[in-house]
Amino acid sequence: REIFARISAEARRIVPHDFLMLGLLSDDHQRVRVIALSGDLPVTPGHIVLPEALRGPIEGGGDFVLNDIALSAEGARLIGKLRMPGSTEVRVVEYEAQPFFRSLKVDRGIRSTLRVAVRLRGGVVGGLIFCATGPDSYDDADVSHARQVADLVALAVAHQRLADEEMRSAEARSHHHSRYYSSYS
């Protein structure tokens, strides 16, 4: 969390934001597990189901801007204006106000998000999400800068995965080694 807070602070200089999140997609791209948060965002419980309205944009390349996010009159849904980078077409999307998304809107006042894909080995493994309390906070210049930040975050994710893999391998060797020598005792 401390390292990600530093990443957020540095990224804020080129992509202004109030909060920053890093989420990794499940293998089937239906859920996301938030692994890093900046600021005082609530910790997320396990996996979050990706809203149907946002699955297409995520699968279509992963980068999008969602502005003017508002809670529906009955409070059960969120509504926002979705725009893909490089396009002037704006599409209104509506999705379930799951507890985490609802908390971002109601408790933290988030009104705009910018999501860019985090790519490893040629595939999308997750997303870096910049959140702002302003209603129309992000444009294409921000998307370009956010992609640069996401590339650096992808490098950090790759290094973490390698370190985790090495640790598992070392533990397996140690376990095998101790079993081998204990059979001769």
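Treat the numbers as computed from the prediction; the structure is a model and nothing was measured. (Residues numbered from 1 in each chain as written. Predicted model: local features only at pLDDT ≥ 70, side-chain atom pairs only at ≥ 80, totals over all residues. Heavy atoms only, no water.)

A. A look at the nonpolar core. Met21, Leu66, Val93, Tyr95, Phe100, Phe101 and Leu104 are the most contacted members of the largest nonpolar core, which has 25 residues in total. For this core, the elements supplying multiple residues, two or more each, are strand S1 (19-25), strand S2 (31-37), helix H2 (52-59), strand S4 (64-71), strand S5 (77-83), strand S6 (90-96) and helix H3 (99-106). Non-local contacts of tyrosine 95, meaning those with residues more than four positions away in its chain, are made with Pro51, Ala53, Leu66, Ile69, Arg77, Leu78 and Phe101. Ranked by size, the runner-up nonpolar core spans 24 residues in total, among them Leu24, Val125, Val143 and Ala146. (Core = buried A, V, L, I, M, F, W, Y, C linked by side-chain atoms within 4.5 Å. Buried < 20%, exposed > 50% of the residue type's maximum accessible area, 1.4 Å probe, protein only. Helix = DSSP H or I, 4+ residues; strand = E, 2+ residues; numbered from the N terminus. Contact = heavy atoms within 4.5 Å.)

B. Expanded view of the packing of aromatic side chains. Evaluation of the coordinates by the stated rule reveals two aromatic pairs. Summarising the aromatic geometry, the rings of tyrosine 95 and phenylalanine 101 are spaced 6.0 Å apart at their centres and angled 85 degrees between planes, so their arrangement reads as edge-to-face. Assigned by exposure class, tyrosine 95 and phenylalanine 101 land together as buried. Taken together, the aromatic side chains of Tyr95, Phe100 and Phe101 make up a single cluster linked through ring pairs. (Phe/Tyr/Trp six-rings, centres within 6.5 Å; stacked < 30°, edge-to-face > 60°.)

C. Fine view of empty space enclosed by the protein. Taken as a whole and assessed by the stated rule, the structure comprises one cavity of 30 Å³ or more. Empty space within the largest cavity amounts to approximately 350 Å³. Around the largest cavity sit 23 residues that line it, and Met21, Leu54, Phe101, Thr113 and Ile129 are the ones nearest its centre. Among the elements of the structure, S1, S2, H2, S4, H3, strand S7 (112-120) and strand S8 (123-132) are those that each provide at least two residues to the lining of the largest cavity. With four residues, the top contributor of residues to the lining of the largest cavity is H3. Counted by class, the lining of the largest cavity contains 18 nonpolar, three polar and two charged residues. (1 Å grid on protein atoms, 1.4 Å probe; cavity = no way out; pocket = protein on both sides within 12 Å on 5 of 7 lines; lining within 4 Å. Points joined across faces, edges and corners; volume = space filled by probe spheres on them. Nonpolar A, V, L, I, M, F, W, Y, C, P; charged D, E, K, R; others polar.)

D. Highlighting the sheet that holds S6. Read across the open sheet, the eight strands follow the order S3-S2-S1-S8-S7-S4-S5-S6; overall the sheet is antiparallel. Both outer strands of the open sheet, strand S3 (47-49) and S6, are each paired with one neighbouring strand and no more. For this sheet, the mean angle separating the axes of adjacent strands, direction not counted, is 35 degrees. Of the pairings in the sheet, the one linking S1 to S8 comprises six bridges and is antiparallel in character. Bridging across to S8, phenylalanine 19 finds its partner in cysteine 131. Those strands touched by helix H1 (residues 2-12) are S1, S2 and S8, and its axis lies near 120 degrees from that of S1. (Pairing = 2+ DSSP bridges. Axes fitted to C-alpha atoms, helices over the stretch in contact; angles between N-to-C directions.)

E. Quick look at the pattern of salt bridges. One pass over the structure, following the stated rule, counts seven salt bridges. Measuring nitrogen to oxygen at the nearest pair gives 3.1 Å for the salt bridge that ties arginine 13 to glutamate 10. Looking at glutamate 10, the relative accessible area reads 48%, which means it is partly exposed. Among the ionic pairs, aspartate 28 bridges to arginine 31, the shortest N-O distance being 3.3 Å. Look at aspartate 28 and you get partly exposed, because its relative accessible area is 41%. Look at arginine 31 and you get partly exposed, because its relative accessible area is 32%. (Salt bridge = Lys/Arg side-chain N within 4 Å of Asp/Glu carboxyl O.)

F. Focus on H2. Along H2, the residues classified as buried are Ala53, Leu54, Arg55, Pro57 and Ile58. Contacts from the buried residues of H2 go to S1, S3, S4, S5, S6 and S7. Glycine 61, located one to two residues past H2, shows a positive phi value of around 145 degrees.

Spatial relationships are all this shows, so hold off on functional conclusions.
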